Each structure stands twice: as structure tokens, then as C-alpha cells.
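# Secondary and tertiary structure notes
Each chain is listed here by its residues.
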Amino acid sequence: MASAITAERIADLIKQAPVGLVGLTVQQERLRADARREVAEHVYSALYRPMDVEAGQLRLPL
């Protein structure tokens, strides 16, 4: 069962993002944009991936 999407959950996912918050504060705009994209992908995948499926398990077609 997936947990509810809350501001606290999103904040926790941002904190856990691989790039961290450091990348969001660098001087180069290109690197900040890359960091924003990385954080967004991390949060999105954590919120919308199936919670009950093992990572190595393939989904069967319906």
C-alpha cells in the first residue's frame, strides 16, 4: 500500500535525493538545473513506483 503524498513526505524525499541540496546552490545555472532535475526524478519515482513490487521482479502483462 502506498503512503499518502504529504508535504512532509516530499521534504523527506528531497532530503534523501542522491544529489542532495548542495547541487541546488552551486553558482553555475547548468549544474543547478541538473540538480533540480535529479531531485525531481528521485521524488517522482519514490512517489509513483509500486511499493509492493520487488526491484528485481518483472511485471506480467495482463
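Presented here is a report on the structure given in the accompanying data block. What you are looking at is a predicted structure, and each value in this text was computed from that prediction instead of being measured. (Residues numbered from 1 in each chain as written. Predicted model: local features only at pLDDT ≥ 70, side-chain atom pairs only at ≥ 80, totals over all residues. Heavy atoms only, no water.)

Further remarks concern the environment of K15. Positionally, K15 belongs in helix α1 (residues 7–16). Using a relative accessible area of 69% as the deciding quantity, one classes K15 as exposed. When the C-alpha positions of K15 and V43 are compared, they lie 9.8 Å apart, and in sequence the two are 28 residues distant. (Helix = DSSP H or I, 4+ residues; strand = E, 2+ residues; numbered from the N terminus. Buried < 20%, exposed > 50% of the residue type's maximum accessible area, 1.4 Å probe, protein only.)

Moving on, we come to the environment of R36. Tracing the sequence through the fold places R36 in helix α2 (residues 29–48). A relative accessible area of 43% places R36 in the partly exposed class. R36 sits 13 residues away from G23 along the chain, and the two C-alpha atoms are 8.0 Å apart. With residues near it in sequence (within four places) discarded, R36 still touches L24 and E29. (Contact = heavy atoms within 4.5 Å.)

This part takes up the nonpolar core. In this structure, L13, A17, V39, V43, A46 and L47 together form the largest nonpolar core, which totals six residues. Take this core: its biggest share by element is four residues, from α2. Those residues in contact with L13 that sit more than four places away from it in its chain are H42, V43, A46 and L47. (Core = buried A, V, L, I, M, F, W, Y, C linked by side-chain atoms within 4.5 Å.)

Bringing the pattern of salt bridges into the picture now. Going through the model one piece at a time under the given rule, you end up with four salt bridges. The salt bridge involving R36 is made with E29; its shortest N-O contact spans 2.9 Å. Overall, E29 belongs to the partly exposed group, its relative accessible area being 41%. Across the pair D34 and R30 runs a salt bridge whose closest N-O atoms are separated by 3.5 Å. Of the two residues, D34 and R30 are both situated in helix α2; the distance of four residues between them amounts to about one turn of the helix. Residue D34 is classed as partly exposed on the basis of its relative accessible area of 34%. Sharing partners across several salt bridges, the network here consists of E29, R32 and R36. (Salt bridge = Lys/Arg side-chain N within 4 Å of Asp/Glu carboxyl O.)

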